[in-house]
Amino acid sequence: MNLKKYFIRALHRLQKGPGYTYKELLVWYCDNTNTHGPKRIIKEGPKKKLIWFFLTLLFASLVFWQWGILINTYLSYNVTSSLSIGFKTMKFPAVTVCNANPYKYSEAKPLLKELDRLIDAALERILQPSQGNSSESISPPLDLELWYQIPLVLIDEHDKDNPIILDIFETNQTGWPALGASAGMCHGDRCLFPLASTSILSKVPLQERIRMGYQAEDMILACLYGAEPCNYKNFTQIYHPDHGNCYIFNWGMDEEALNSSNPGAEFGLKLILDISQQDYIPYLSSAAGARLMLHQQKSFPFLKDQGIYAMPGTETSIGVLVDELERMGYPYSDCTMNGSDVPVKNLYSKYNTSYSIQACLRSCFQKDMIETCGCGHFMFPLPQGVNYCNNEDYPGWAYCYSLLRSSIRHRQICIDSCKETCNDTQYKMTISMADWPSEASEDWIFHILSYERDMSTNVTLDRNGIIKLNIYFQEYNYRTFSESAATTRVTGLPVLPWGGQFGFWMGGSVLCIIEFGEIIIDSLWITVINIISWCKGLKQRRAQARYPDAPPTVSELVEAHTNLGFQHEATGTLPRDRDKELPPEPGTPPPNYDSLRVQPPDVLGPDSDAETE
């Protein structure tokens, strides 16, 4: 049985009478469907047929339009945010404390000696109205080669349209403006003191930089967590490029994170820190105090962005509230669970810390810095085989860094490449301060702290270098901000056919939708039959074009066979004379005389159906 007949019989078995054309199928559907409108089209008079056809088409269009809006809303993957409040015992956050000054001046002074002399001379030039009173004539000569790497300039802004830029150490200047001048950034690849100190310190080995920083036993004077005493050995030391040696309490790297037994100041962390303000580097840090940050366990602390300062001579109390953020992933948002799908290599993974968008942005900037400038910036980790930038090996790095830092295009590339984390915990802090210690208790507190440090009664501390911190949970209530899909299959399914739209406009139900699906399947089946018929007709037309003459009849074939026999007798090559022929050579197969016979054609043709219905 050929393919066309198979499809026709299958269609007949499926629908039992709709017909084999689109018109017959449409009439059958309108006559048998449970939807009200199509029945009226075939049963009413000519004028009402037109009205009902228009109304049915209009309301069907409205149904499809509303379905399209709902499907488009679902595919837009909108989310709704919900807030829930819970109560539970919570893990105490990791606490990172650093000194605002990264290095002790007594340790770093030999490295910055020439730089300090240049800055002193520059400040003297700025503050004096003329060059004649400069002290450089009686002091040792300045290393101006170093200054050319970090020149400071004066900008005279009396004339806004034509500002005057004066190099401080130019000898051909006749005088300096006393008013309206301000110290500005340098031009070209020359920059100010911070980048110069970065260039100098980048060549110092890491262990030497750690040694020049503040040690834990000197900085952490006292520690108490709840009712349990602690000390500097309970802190994990890391080196932070911005703040030198930093110390993390309850980081959770080597042991389980601590739980807070109760809310309140008496059950939190109490610290007393000595920042040794008298040993600050004069031109590197202008702020005095401790830099601290609360963050999750196993996450790297980015104190420059998320940290806060604690002022010396004060007791700072920090009450903590917890907010948990739960974002939906793809396709609802472009967040990441662990950073594995982010195209930027996380350079902070060497600390075994979890992914964060701050780590991604800094890693991306360092990657661009290495590709553009040929070296890495001192403030960010380095990949293997790359060196930090310095003025000797990379003379133009500062100018390259300035251009890259101000480039909006590079910044946008990093923002597009990095992703927020899907789950995050944020610590909201309420900060209050008071002078500490009071004047009445100052003497005995300093005596006790000094005795604990070096087992003597000598007063080695003062209120300008000491800080007390209280960090605790205000309450055990925590807030969870979670996202959920605005439209889901569960909420959207009732709205489609049986939630009122199809029933309201068309008077139908779920079975009517199934009937509509049935006519679509039947239409596709008829389409397949028509395509098969068209392909078969195309094949026949091609055969007729190749053989334009009509095929021979049976009588013509018999007559041709008879005439062929007479021709063999006339030429003496009839098969009956084969006995008189010479025998074939050995190994030669006998001739196939059956191949000379003319086979009768298939009169019925390949498309005939010999079956008896």
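As named in an unreviewed UniProt entry, the protein is Amiloride-sensitive sodium channel subunit beta, taken from Amazona collaria. Among the UniProt annotations of the protein, the heading Catalytic activity (unreviewed entry) holds the following wording: "Na(+)(in) = Na(+)(out)".

Enquirer: Please clarify how the packing of helix H11 (residues 357-373) against helix H13 (residues 408-417) should be interpreted in this entry.
Expert: For any two helices packed against each other, one specifies the inter-axial angle together with the distance between the axes. Here H11 crosses H13 at 135 degrees, and the two axes come no closer than 9 Å. Here H11 lies oblique to H13, going by the angle between them. Crossing handedness for the pair H11 and H13: right-handed. Where H11 abuts H13, its residues Leu361, Cys364, Phe365, Asp368 and Thr372 lie against His410, Cys414 and Ile415. In terms of residue class, the contact of H11 with H13 is made up of five nonpolar, two polar and one charged.

Enquirer: Explain the UniProt feature "transmembrane region" (unreviewed entry) in the protein here, please?
Expert: What UniProt calls "transmembrane region" (unreviewed entry) maps, in this numbering, to residues 50-75. As a span, residues 50-75 carries 100% helix and 0% strand, and end to end its C-alpha atoms are 37 Å apart.

Enquirer: What is the right way to look at the layout of surface pockets in this model?
Expert: Any empty space left between atoms is shown by rolling a water-sized probe over those atoms. If you add up the space inside the second largest pocket, you get close to 690 Å³. Taken together, 28 residues form the lining of the second largest pocket, with Gln296, Gln306, Ser356, Asp424 and Thr425 sitting closest to its centre. Among the elements of the structure, strand E11 (290-295), H11 and strand E14 (423-435) are those that each provide at least two residues to the lining of the second largest pocket. When residues in the lining of the second largest pocket are grouped by element, the largest group, seven residues, is from E14. Partitioning the lining of the second largest pocket into residue classes produces ten nonpolar, 14 polar and four charged.

Enquirer: I tried to follow the packing of aromatic side chains on my own but got confused; where do I start?
Expert: Aromatic rings considered in pairs are described by the distance between their centres and by the relative angle of their planes. If you walk through the whole model with that rule in mind, you get 14 aromatic pairs. Relative to Tyr351, the ring of Phe300 lies with its centre 4.8 Å away and its plane at 45 degrees, an arrangement referred to as tilted. Placement of Phe300 in the loop between E11 and helix H10 (303-306) and of Tyr351 in the loop between strand E13 (314-326) and H11 is noted, with a sequence separation of 51 residues between them. Residue Tyr351 is classed as partly exposed on the basis of its relative accessible area of 23%. Between the aromatic rings of Trp397 and Tyr401, the centroid separation amounts to 6.2 Å while the plane-to-plane angle is 45 degrees, which identifies the pairing as tilted. Highlighted residues: Trp397 and Tyr401, both in helix H12 (residues 397-405), separated by four residues, approximately one helical turn. Residue Trp397 shares its accessibility class with Tyr401, and that shared class is buried. Each residue in the set Phe92, Tyr225, Phe235, Phe249, Phe473 and Tyr476 is aromatic and connected to the rest through ring pairs, giving one cluster. The ring of Tyr309 is capped by Arg291, whose NZ or CZ atom sits 4.4 Å from the centre of that ring.

Enquirer: What is the right way to read the side chain of Thr316 from this model?
Expert: By the element assignment, Thr316 lies in strand E13. Residue Thr316 is classed as buried on the basis of its relative accessible area of 1%. Ignoring any residue separated from it by four or fewer positions in sequence, one finds Thr316 in contact with Ala310, Met311, Ile431, Ser432, Met433, Lys468, Leu469 and Asn470.

Enquirer: I keep staring at the pairing of E11 and nothing clicks. Help me out?
Expert: Consecutive side chains along a regular strand alternate between the two faces of the sheet. With respect to burial, E11 is a largely interior element, six of its six residues being buried. Because side chains alternate across E11, one face comprises the buried residues Ala290, Leu292 and Leu294, and the other comprises Arg291, Met293 and His295, equally buried. For strand E2 (residues 94-99) and E11, the ladder comprises six bridges, and the chain directions are antiparallel. Looking at E11, one finds that Asn99 is bridged to Ala290.

The rules we used
Residues numbered from 1 in each chain as written. Predicted model: local features only at pLDDT ≥ 70, side-chain atom pairs only at ≥ 80, totals over all residues. Heavy atoms only, no water. UniProt positions renumbered as here; feature names shortened; annotations may be inferred. Axes fitted to C-alpha atoms, helices over the stretch in contact; angles between N-to-C directions. Helix = DSSP H or I, 4+ residues; strand = E, 2+ residues; numbered from the N terminus. Parallel < 35°, antiparallel > 145°, perpendicular 65-115°, else oblique. Left-handed = near helix turned anticlockwise from the far one by under 90°. Contact = heavy atoms within 4.5 Å. Nonpolar A, V, L, I, M, F, W, Y, C, P; charged D, E, K, R; others polar. 1 Å grid on protein atoms, 1.4 Å probe; cavity = no way out; pocket = protein on both sides within 12 Å on 5 of 7 lines; lining within 4 Å. Points joined across faces, edges and corners; volume = space filled by probe spheres on them. Phe/Tyr/Trp six-rings, centres within 6.5 Å; stacked < 30°, edge-to-face > 60°. Buried < 20%, exposed > 50% of the residue type's maximum accessible area, 1.4 Å probe, protein only. Lys NZ or Arg CZ within 6 Å of the ring centre and 35° of its normal. Pairing = 2+ DSSP bridges.

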